[in-house]
Amino acid sequence: MALWAVGELPDDALAAAARFHAESLPEIEAALAKEGTSLVLAFPPADPVHRGWRLAAVQGLARKHAPLRVNGVESVEEAALSAANRYLDSAPGVTGQYWPLDAEGVEGP
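Residues numbered from 1 in each chain as written. Predicted model: local features only at pLDDT ≥ 70, side-chain atom pairs only at ≥ 80, totals over all residues. Heavy atoms only, no water.

(A) Just a negative patch on the surface, in detail. A contiguous patch of negative charge on the surface is contributed by Glu8, Asp11, Asp12 and Asp47. Locating aspartate 11 in the fold gives a position in the loop between β1 (2-5) and α1 (13-35). For aspartate 11, a relative accessible area of 74% corresponds to the exposed category. (Patch = residues over 30% accessible without salt bridge, like charges linked within 9 Å, V, L, I, M, F, W, Y side chains within 5 Å. Areas by Shrake-Rupley, 256 points an atom, 1.4 Å probe, with all protein chains shown as cover. Salt bridge = Lys/Arg side-chain N within 4 Å of Asp/Glu carboxyl O. Lys, Arg positive; Asp, Glu negative; His and termini not counted. Charge placed at Lys NZ, Arg CZ, Asp CG, Glu CD. Helix = DSSP H or I, 4+ residues; strand = E, 2+ residues; numbered from the N terminus. Buried < 20%, exposed > 50% of the residue type's maximum accessible area, 1.4 Å probe, protein only.)

Set out below in structure tokens:
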């Protein structure tokens, strides 16, 4: 799967969702349509209140672009992003999911 880094977003969840949908979403959809490649969206770390809109965006993209797969993760750690991408490459049935990651690639307790 290709890794797509979502740029910095505002701290406010509503403002972040608005910016994502206005600026990032058109580029992501164009890439999905043109490249025909499944994506892992890498969101920057944020307050847990962002989880709802991020999950909804990932699920909507996964449904719209099936059979391509779209998943989301929350991290800027290279090791975590690589681990998540390796896992998702080996899990062809996983799509429409969103996970916050720790430094090793999995959310801690």
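Picking up after the structure, the text goes on.
(B) Layout of α1. Most pronounced at serine 24, the bend in α1 amounts to some 45°, and the proline proline 26 follows within four residues. Listed in full, the buried residues belonging to α1 are Ala13, Ala16, Ala17, Phe20, Ser24, Leu25, Ile28, Glu29, Ala31 and Leu32. Residues of α1 that are buried sit in contact with β1, β2 (39-43), α2 (51-64) and β3 (70-74). Capping the start of α1 is the job of one residue whose side-chain oxygen sits 3.2 Å from the backbone nitrogen of leucine 14: aspartate 12. Remark: glycine 36 follows α1 within two positions and exhibits a positive phi of approximately 65°. (Bend = angle between axes of the 7 residues up to and from the residue. Contact = heavy atoms within 4.5 Å. Polar contact = N/O pair within 3.5 Å; in protein donor to acceptor, adjacent residues only side chain to side chain.)

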